[in-house]
Amino acid sequence: MITRKQKLKRVKNDHIGSAISIQYKREILHKEPMRLALDVYEWVRPRWNEELINLQEQSMALYINNASQLISYRLISTGNIRGTIIDVQFVVSLALHTMASKVILVHNH
């Protein structure tokens, strides 16, 4: 007779579904602390697509560690001339995956 534990193990091994794979690589992209809006602006401005800046709304998320250093960033969305949508689940998921202490959302206008 198969025990309950064996049945659960079999079900777990046969399960196919959504999965997230996480690989954490500790890296600091910008060592100078980002404490002021000007610090963020000076880092982000050169990274915006100059051709799109007046044509399409864009948003970016910066992921910051406890020392206010940039550990990751991601262009979150590109919209149209009137607006863009920010997926909160996506922003939070990336924050958790990067082990960020802070998140800064930036908009291109």
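Refer to the structure above for everything that follows.
Let me sum up the structure you'll find in this document. On a predicted model such as this, the values are computed, not experimentally measured, just so you know.

About the thresholds
Along each chain, residue indices are assigned from 1 in the same order as the chain's sequence is written. Local features in this predicted model are restricted to residues whose pLDDT is 70 or higher, and side-chain atom pairs enter the listing and the counts only when it is 80 or higher, whereas totals over whole chains, interfaces and linings include all residues. To get the side-chain values, take all heavy atoms of the structure and skip hydrogens and water. Salt bridges are identified by distance alone: a Lys or Arg side-chain nitrogen within 4 Å of an Asp or Glu carboxyl oxygen. Residue burial is assigned from relative accessible area. The probe radius is 1.4 Å, only protein chains are included, and a residue is buried under 20% of its type maximum, exposed over 50%, and partly exposed in between. In this text, helices come from DSSP runs of H or I with a minimum length of four residues, and strands from runs of E with a minimum of two, each type numbered from the N-terminal end. Note on definitions: a residue-residue contact is assigned when non-hydrogen atoms from the two residues lie within 4.5 Å. Between the rings of Phe, Tyr and Trp (Trp by its six-membered ring), a pair exists once the centres lie within 6.5 Å; its type follows the angle of the planes, with under 30 degrees stacked, over 60 edge-to-face, and the other angles tilted. Definition used: whenever NZ (Lys) or CZ (Arg) falls within 6 Å of the ring centre and also within 35 degrees of the ring normal, the charge is taken to sit over that ring. Whether two strands pair comes down to DSSP finding at least two bridges between them.

## Observations concerning the pattern of salt bridges
Part 1 of the argument: Within the structure shown, the criterion is met by one salt bridge.
Part 2 of the argument: Arg 45 is the partner of Glu 50 in a salt bridge, and the nearest nitrogen-oxygen pair spans 3.0 Å.
Part 3 of the argument: Glu 50 gets classed as partly exposed once you look at its relative accessible area, which sits at 48%.

## Details of the environment of Val 91
Part 1 of the argument: Position of Val 91 among the secondary structure elements: in helix 3 (residues 88-98).
Part 2 of the argument: Residue classification places Val 91 among the buried positions, given a relative accessible area of 8%.
Part 3 of the argument: Distance in space between the C-alpha atoms of Val 91 and Leu 62 is 9.6 Å, their sequence separation being 29 residues.
Part 4 of the argument: Those residues in contact with Val 91, other than ones at most four positions away along the chain, are Tyr 63, Ile 76, Ile 86, Val 103 and Leu 105.

## Comments concerning the packing of aromatic side chains
Part 1 of the argument: Counted under the stated rule, the structure contains one aromatic pair.
Part 2 of the argument: Between the NZ or CZ atom of Arg 47 and the centre of the ring of Trp 43, over which it lies, the distance is 3.7 Å.

## Quick look at the pairing of strand 1 (residues 58-64)
Part 1 of the argument: In terms of burial, strand 1 is a largely internal element, seven of the seven residues being buried.
Part 2 of the argument: Burial of the side chains of strand 1 extends over both faces: Gln 58, Met 60, Leu 62 and Ile 64 are buried on one face and Ser 59, Ala 61 and Tyr 63 on the other.
Part 3 of the argument: As paired strands, strand 1 and strand 2 (residues 70-78) are joined by seven bridges and run antiparallel to one another. Each residue of the ladder has a partner; that of Ile 64, found in strand 2, is Leu 70.
Part 4 of the argument: Between strand 1 and strand 2, which follow one another and run antiparallel, lie five residues, and Ser 68 among them has a positive phi close to 65°.

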